[in-house]
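Coordinate inspection notes
Each chain is listed here by its residues.
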Amino acid sequence: MLNPALSPNDQTLKQRRKFTLSLPSAVLMSQCLILTILVLFPLIMLFFKALFDRNDEYVGLNNFTLYFSNPALTSSIVHSLVIALTATMITLIIATIYAYAITTSRIPFKGFFRLIALLPILAPSLLPAIALVYLFGHQGMLKSWLGTAEIYGPIGILMGYCFWLFPSVLMIMVPAFRGLDARLFEASRSLGAGAIRTHIKVMFPAIRYGLLSATMVAFTYVLTDFGIPKVIGGSYNMMALDVYKQIIGQQNFSMGAVVSLMLLVPALLAFVIDRVQKQSQERLQQQEARPYQAKKDPWQTVVLLVFCSGVALCLLAIVGTAVFASFAKYWPYDLSMGLMHYHFEFVDGGGWKSYFNSLKLACLVTIIGTVFVFIAAFSSQRLKGLVLLKNLLQGLALLPMAIPGLVLGIAYIFFFNHPNNPLNFLYGTLTILVLSTIVHYYTVPHLTALTALKQLPIQLDSAAISLGVSVPTTFWRVYLPVCLPAILDISVYFFVNAMTTVSAAIFLYSPDTTLASVAILNMDDAGDTAPAAAMGVLILATSLVVKVLHWLITSQLLKRTQRWRQEDG
């Protein structure tokens with residue numbers, strides 16, 4: 001019963017306040033609950049599974065003892081660390097010089113070099129491995145370049161990872177070079193320091209956070225990917241490949257859980273180091289910098305132009321080989337062109353159905369993921385009070401960055417396939433693939449949305465409340481249009497990654513939900529390398545078309561909805 005001491009207007013106002021306070025709580029609680037179910041619970045199940053044997057009897061840490069007493073499994077740890085460190089170092093050096101050239105130097109065609117550098121990110125990791133087989137395999141046109149060495153092993157794995165990691169490392173290093181302050185270089189030169197000393201004392205400290213972040217990202221990617229060693233690794237075992245063999249080959253889920261937890265340790269360590277150094281970097285970025293541009297130096301320009309041309313040529317050669325091989329009739333004996341390898345109905349693996357499954361998955365991930373991410377970022381950033389829930393939501397949003405897709409896929413098997421789980425009906429459906437893909441790639445879109453929301457002044461919320469405008473109305477009429485560029489970036493990020501993902505999907509697909517990236521692996525396993533290359537090219541072409549459409553739509557929308565930024569500027 002309402003308090004009779006209050007007037008009807010006071011009672012109505014109190015009801016509205018109650019509603020206003022309870023609605024954000026309900027939104028935040030539901031978002032925290034969803035992320036807890038999709039992120040935390042599967043990880044807990046993964047941990048417990050490692051403590052039980054194949055017969056589901058508790059064995060404590062015995063599985064870990066068995067793992068470390070098996071020379072074949074422990075050798076894969078050494079292999080993984082050697083490959084991860086070597087590939088990271090090589091890619092870091094090449095991408096750093098490339099990033100320096102396209103940001104601060106005076107070489108021509110910077111836009112072209114930037115575009116070519118992004119090509120590997122539009123294709124699954126399996127495609128460069130297949131292309132390298134065509135180039136340096138037993139019937140490869142450049143096999144003689146390797147002498148007596150074989151492409152099937154550490155050499156091929158290293159080459160594949162350098163190609164695949166390049167755009168990810170480059171995207172981290174480019175902003176690092178853009179943040180260089182020209183005033184520091186001028187001060188160094190005015191104090192009499194030479195070019196080499198200036199670069200060592202001024203440039204290197206300024207980009208060290210970018211270097212560390214790129215190292216952590218590349219190292220984790222190599223350690224947790226199994227696609228490249230699966231295609232081109234031969235008998236060279238790596239930890240991620242061991243997980244695949246234990247789960248898919250031997251059906252030893254307990255040992256698969258043990259290896260997954262071993263993979264989770266370096267990933268978590270890299271995540272913590274990356275977060276700590278980013279906080280230090282953010283403090284430095286609060287100072288306004290004047291962009292650095294290298295002095296005119298013809299020799300430096302020529303050297304960097306030749307270097308960038310060489311790297312771009314290598315990237316184009318690998319992509320071009322995959323495209324050419326997908327049309328060649330019978331490599332290398334009959335190179336006449338045709339579409340015979342695109343008739344997937346004649347090969348095993350999934351065919352055109354898998355391609356359309358991937359398209360469906362990518363569209364669902366894009367729509368559902370973008371909506372959920374932006375509302376969650378808005379809730380944690382703009383709603384008043386509820387600090388505990390917002391901190392919990394923020395922590396759950398950052399956690400997926402530390403979980404490799406391979407580990408997430410296995411954790412989902414244990415959690416969603418458990419007979420007592422009420423969500424068991426999701427196992428084997430496209431829905432679980434959508435959920436795992438969103439969770440796998442959740443953190444980057446979340447941080448992107450937060451960055452966009454932080455650009456809006458906090459006084460905007462106070463003004464809306466003073467004018468009696470509700471939160472949903474402010475969200476729809478102000479936040480959504482202003483943050484539209486970030487929302488479009490998030491949507492295309494989800495789409496491209498959903499098209500190319502294979503790590504989590506390999507453990508969760510069913511015969512009805514086979515994806516294109518999984519079909520590549522199945523075709524390659526069956527010896528249908530050319531159709532596998534054709535499917536990889538289809539994924540690459542689809543991602544490229546979506547990126548171009550995204551660029552066209554974004555440029556048009558920005559002209560209509562972001563004019564205020566230019567006017568203010």
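Residues numbered from 1 in each chain as written. Predicted model: local features only at pLDDT ≥ 70, side-chain atom pairs only at ≥ 80, totals over all residues. Heavy atoms only, no water.

Per an unreviewed UniProt entry, the protein chain is named Putative 2-aminoethylphosphonate ABC transporter permease subunit, and its organism is Aquirhabdus parva. In UniProt, the protein chain has this text filed under Sequence similarities (unreviewed entry): "Belongs to the binding-protein-dependent transport system permease family." (UniProt positions renumbered as here; feature names shortened; annotations may be inferred.)

**Quick notes on the domain arrangement of the protein chain**
Domain parsing of the protein chain yields domain 1 (24–50 + 346–568) and domain 2 (70–338). Inter-centroid distance (C-alpha atoms) of domain 1 to domain 2 is 24 Å. On the domain 2 side, the residues contacting the 39 residues of domain 1 number 36 residues. Taking both sides of the interface into account, the surface hidden between domain 1 and domain 2 amounts to around 3300 Å²; carbon and sulfur atoms contribute 82%. At the boundary of domain 1 and domain 2, one finds one salt bridge. As a salt-bridge pair, Lys230 and Asp525 come within 2.5 Å of each other at their nearest N and O atoms. For the pair domain 1 and domain 2, the interface holds three residue pairs in polar contact (both at pLDDT 80 or more). Sorting the residues of the side of domain 1 that touches domain 2 by element identifies α1 (8–49), α15 (405–416), α20 (484–500), α21 (516–525) and α22 (529–561) as the ones contributing at least two each. Top contributing element to the side of domain 1 that touches domain 2 by residue count: α22, with 12 residues. (Domains from an automatic or database assignment. Contact = heavy atoms within 4.5 Å. Buried area = accessible area lost by both parts, 1.4 Å probe. Salt bridge = Lys/Arg side-chain N within 4 Å of Asp/Glu carboxyl O. Polar contact = N/O pair within 3.5 Å; in protein donor to acceptor, adjacent residues only side chain to side chain. Helix = DSSP H or I, 4+ residues; strand = E, 2+ residues; numbered from the N terminus.)

**A few points about the pairing of strand β2 (residues 334–337)**
For strand β1 (residues 328–330) and β2, the ladder comprises two bridges, and the chain directions are antiparallel. From the neighbouring strand, Tyr330 faces β2, where its bridge partner is Asp334. Once β1 ends, the chain turns through three residues before running back antiparallel as β2. (Pairing = 2+ DSSP bridges.)

**Focus: a nonpolar patch on the surface**
Nonpolar side chains collect at one region of the surface, where Leu544, Val545, Val548, Leu549, Trp551, Leu552 and Ile553 lie side by side and expose about 660 Å² of accessible area between them. With respect to the helices, strands and loops of the structure, Val548 is situated in helix α22. Taking the relative accessible area as the measure of exposure, Val548 reaches 42% and is therefore partly exposed. (Patch = residues over 30% accessible without salt bridge, like charges linked within 9 Å, V, L, I, M, F, W, Y side chains within 5 Å. Areas by Shrake-Rupley, 256 points an atom, 1.4 Å probe, with all protein chains shown as cover. Buried < 20%, exposed > 50% of the residue type's maximum accessible area, 1.4 Å probe, protein only.)

**Some thoughts on α20**
The first and last C-alpha atoms of α20 sit 25 Å apart over 17 residues, in line with the 24 Å expected at 1.5 Å per residue. Of all the 17 residues making up α20, 13 are buried; the element is thus mostly covered by neighbouring parts of the structure. (Expected span 1.5 Å × (residues − 1).)

**Observations concerning the packing of helix α3 (residues 71–103) against helix α8 (residues 195–224)**
At their nearest, the axes of α3 and α8 sit 9 Å apart, and the two run at 135 degrees to each other. If you check the angle between α3 and α8, you find them oblique. Along this stretch, α3 crosses α8, giving a crossing that reads as right-handed. Packed against α3, whose contacting residues are Ser80, Leu81, Ile83, Ala84, Leu85, Ala87, Thr88, Leu92, Thr96 and Tyr100, the element α8 presents His199, Met203, Leu211, Ala214, Thr215, Ala218, Phe219, Val222 and Leu223 at the interface. A per-class count over the contact of α3 with α8 returns 14 nonpolar, five polar and no charged. (Axes fitted to C-alpha atoms, helices over the stretch in contact; angles between N-to-C directions. Parallel < 35°, antiparallel > 145°, perpendicular 65-115°, else oblique. Left-handed = near helix turned anticlockwise from the far one by under 90°. Nonpolar A, V, L, I, M, F, W, Y, C, P; charged D, E, K, R; others polar.)

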